[in-house]
Each structure stands twice: as C-alpha cells, then as structure tokens.
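Each chain, written out:
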Amino acid sequence: MKYLAFPILFLLGTMILISSCKDDNESCVETTWYQDADNDGLGNPDISQTSCEQPAGYVANNSDSDDSNFIGTPLSAFDEFNPDAVTFSFDGNEVTIESTGVPNHTSPYWQESHPLHIEQTFGDHTTPGFINERSYTVTLPLNPQIASTSSATGLGAIGIAVTGAPIFNDEEGPNVALDLQTAGGLDYAGGHNGPSGYHYHLEAADVPENTTLSYDDEQLIGIMADGFLLYGRTEMDGSYPTDLDASGGHYGVTPHSDGEEIYHYHIINEYYISSLIMLFGGDLQGTPNTIF
Ligand SMILES: [Zn+2]
Ligand SMILES: [Zn+2]
C-alpha cells in the first residue's frame, strides 16, 4: 500500500488544481463587448470581443449605427480648462475632474502680494479672505442624459468653470437669494470669496483683463454637476438662442461639438437683479453628481 501513497497524493493534487481552475471559470461569466469608438455609450455591432471584464473602450450595447458620431460630451471642450488648476482622468464613459479652485485671472481676492491682485473694479467692497487652494473632485458621465425629473441645485459647487474655480447658483445662504448688497462684493469675474473659498455667481463683466472669462459671447463657461456643458449667452453666430428650457438648455451645435447637436446650457440672457446676469440659476436637467 505504501507504494500507492505518492500516486494518490499526486492525483489528489491534480484534482485540487483542476477543481480550483473550474472555480475560476465558473465565477467568470464571459460577455460580448462592442467597441464604442465615439464614446457615446453605444457599441459597434461589427467590432466585438468576449471577456469577463469590460475592456476599455467597449460597452455591452451594440446598437450604434455610426460609431464615429458621438452624441456625448465633445472631448475638445476639456482643452479649454485652466491646466494649472484642473486635471481630468478618463475611464470608460466617465471623467473624473479635479480642481484646486484657483482661477487664472486677476481679482481683488488675490492677496496683495500676488501678481494677479487688482483693486476692486466691479463692486463697492470685498468680502474677507483671499483665493487659496481648495480641492474639488467630481466624476461625470461623458454621455450625460436628460433625467426624467430635473434637480434643484443647492449651496456649494454646482459646476466647475474653465478657470478652475467653482460655479455656485443664485443663493448666498440656505434659501437666501443673492442680493445687491452681496453682489457689491463680487469682482468683475462675477466671483467672490466665501467660507468655502472663491466661487462665481454671475457672468463676468466686460473689462480689458477679461481674457479667460466669457462676457456676452459663445465661449465655454464650464461643466455642470450633471455633466452638461455651460456656454455663454450667445450661439456661435452671435445670436441669442430662443428655444432654451427653464435651465437655459437646448440641443444645438457648440464651438466644440464638430457640427453635431448636443444638449448644452447657456447663460440665460436676462437680468437677475439690476443689470446682473446669473451664471446658472435653474435646475439641472441631467442627474447631478456630488462635487466633493
Ligand atoms: Zn457666494
Ligand atoms: Zn446653444
């Protein structure tokens, strides 16, 4: 009997190996994935591969009739953001945006020793505090969809502007609307400093230093917490859109969409109070993501 011990052990070992392989195979359910070259969430039925894990650039959907025709966020829009403050990490159909919140334009909210510091030219006062580094992070879909119900925005960042600083809504406190007194502390960029750091409420005013900000034009303002882009008041031809929804959104061509119609927001061309124009005072039409 003792001569059989080795073969039996060998056999047992082999069986254990085989069974553990089997376990691996059973926990892996192979699925067919379709290439999504245009990143719109729809896959090309003609190019597929089979694997357990979703390969990068592939989706489960196979209904894209033209896989070079995106309907999502045009990636060229991300080139507009201040690279000193904002970084992007792309992962499948999502992008994670991180920003220091530090803008790339002059402001009275820079410390006096800072090269971008200027005197207050817009309002009649400044609120306490100076621009300093913060940390904003949000993960957004690259093919944002209109949600079945719109979502009211709250206090805090509701979008990230191309300058790197966050976009706030029309409130300066819980259910406290921005008023003329508070607006008197805004700088020409439409921003001011608060307990949570420097942020924008209004469209920028037209001043010579205005190089990165939009004033009554078609430039990109930033990206909102639902993943849709926010543009200035006008279309590319300088006209004011007439078919905007209550949030300033509509389907149309933008400077980045390469002729395709995508859903995007505009700054609504109407006065909020006095002659001040709010950046974004409506609901988000997509699904909001938290900006941490
Ligand atoms: Zn504020
Ligand atoms: Zn438009």
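The structure this text deals with has already been given above.
Computed from a predicted structure; not experimentally measured.

Asker: How do you make sense of the coordination of the zinc ion (ligand 1) when you look at a structure like this?
Answerer: Six octahedral donors at a metal ideally form angles of 90 or 180 degrees, and four tetrahedral donors ideally form angles of 109.5 degrees. Surrounding the zinc ion (ligand 1) are the protein donor atoms Glu-172 (OE), His-192 (NE2), His-199 (NE2) and His-201 (NE2), which sit 2.0 to 2.2 Å from the metal. In this structure Glu-172 comes out as partly exposed when scored by relative accessible area, which is 30%. Here His-201 falls in the buried class, since its relative accessible area comes to 0%.

Asker: So what exactly am I meant to see when it comes to the state of the cysteines here?
Answerer: One pass over the full model with this rule turns up 1 disulfide. A disulfide bridge connects Cys-28 with Cys-52, and the sulfur atoms are separated by 1.4 Å. Here the residue Cys-28 occupies a position in the loop between α1 (5-27) and β1 (31-35), and Cys-52 occupies one in the loop between β2 (44-51) and β3 (58-59), the gap between them amounting to 24 residues. Of the residues examined, Cys-28 reaches a relative accessible area of 23% and is grouped as partly exposed.

Asker: Would you explain the sheet that holds strand β5 (residues 94-99) in this entry?
Answerer: Consider a sheet: its strands pair through backbone hydrogen bonds, and that pairing is either parallel or antiparallel. Taking strand neighbours across the sheet as the criterion, the 3 strands line up as β4-β5-β6 in an open arrangement whose pairing is antiparallel. Taken across any chain shown, the strands that pair with only one partner, and hence form the sheet edges, are β4 (86-91) and β6 (136-141). When strand polarity is set aside, the average angle formed by the axes of neighbouring strands in this sheet is 20 degrees. Judged from the 6 bridges that link them, β5 and β6 form a sheet pairing that is antiparallel.

Asker: Help me understand the coordination of the zinc ion (ligand 2), please; the structure alone is not making it clear to me.
Answerer: Taken together, Glu-235 (OE), His-250 (NE2), His-264 (NE2) and His-266 (NE2) make up the protein donors of the zinc ion (ligand 2), found 2.0 to 2.6 Å from the metal. Every donor counted, the 4 donor atoms about the zinc ion (ligand 2) form angles of 90 to 134 degrees at the centre, which fits tetrahedral coordination. Binding-site remark: the zinc ion (ligand 2) is held by donors from one chain whose sequence spacing is E-x14-H-x13-H-x1-H. With a gap of 29 residues between them, Glu-235 in the loop between β14 (229-231) and β15 (249-252) and His-264 in strand β16 (residues 262-266) connect regions that are remote in the sequence.

Asker: Mind showing me how you'd approach the pattern of salt bridges here?
Answerer: Opposite charge on two side chains permits pairing when their charged atoms draw close. Tallied over the entire structure, the rule returns 2 salt bridges. Put simply, Arg-233 and Glu-203 hold a salt bridge, and the shortest N to O gap is 2.9 Å. One end of the pair, Arg-233, is in the loop between β14 and β15; the other, Glu-203, is in the loop between β12 (197-200) and β13 (220-224), and 30 residues separate them in sequence. Here Arg-233 and Glu-203 have matching classes, each one buried. In this structure, Arg-233 engages Asp-216 in a salt bridge whose closest nitrogen and oxygen atoms are separated by 3.6 Å. Here Asp-216 lies in the loop between β12 and β13 and Arg-233 lies in the loop between β14 and β15, a separation of 17 residues in the sequence. Classification of Arg-233 as buried rests on a relative accessible area of 8%.

Basis of the calculations
Residues numbered from 1 in each chain as written. Chains lettered and ligands numbered in written order. Predicted model: local features only at pLDDT ≥ 70, side-chain atom pairs only at ≥ 80, totals over all residues. Heavy atoms only, no water. Donors = N, O, S within 2.8 Å, 3.2 Å for Na, K, Ca; no water. Buried < 20%, exposed > 50% of the residue type's maximum accessible area, 1.4 Å probe, protein only. Disulfide = S-S within 2.5 Å. Helix = DSSP H or I, 4+ residues; strand = E, 2+ residues; numbered from the N terminus. Pairing = 2+ DSSP bridges. Axes fitted to C-alpha atoms, helices over the stretch in contact; angles between N-to-C directions. Tetrahedral: all angles 85-135°; square planar, octahedral: opposite > 155°, others 65-115°. Salt bridge = Lys/Arg side-chain N within 4 Å of Asp/Glu carboxyl O.

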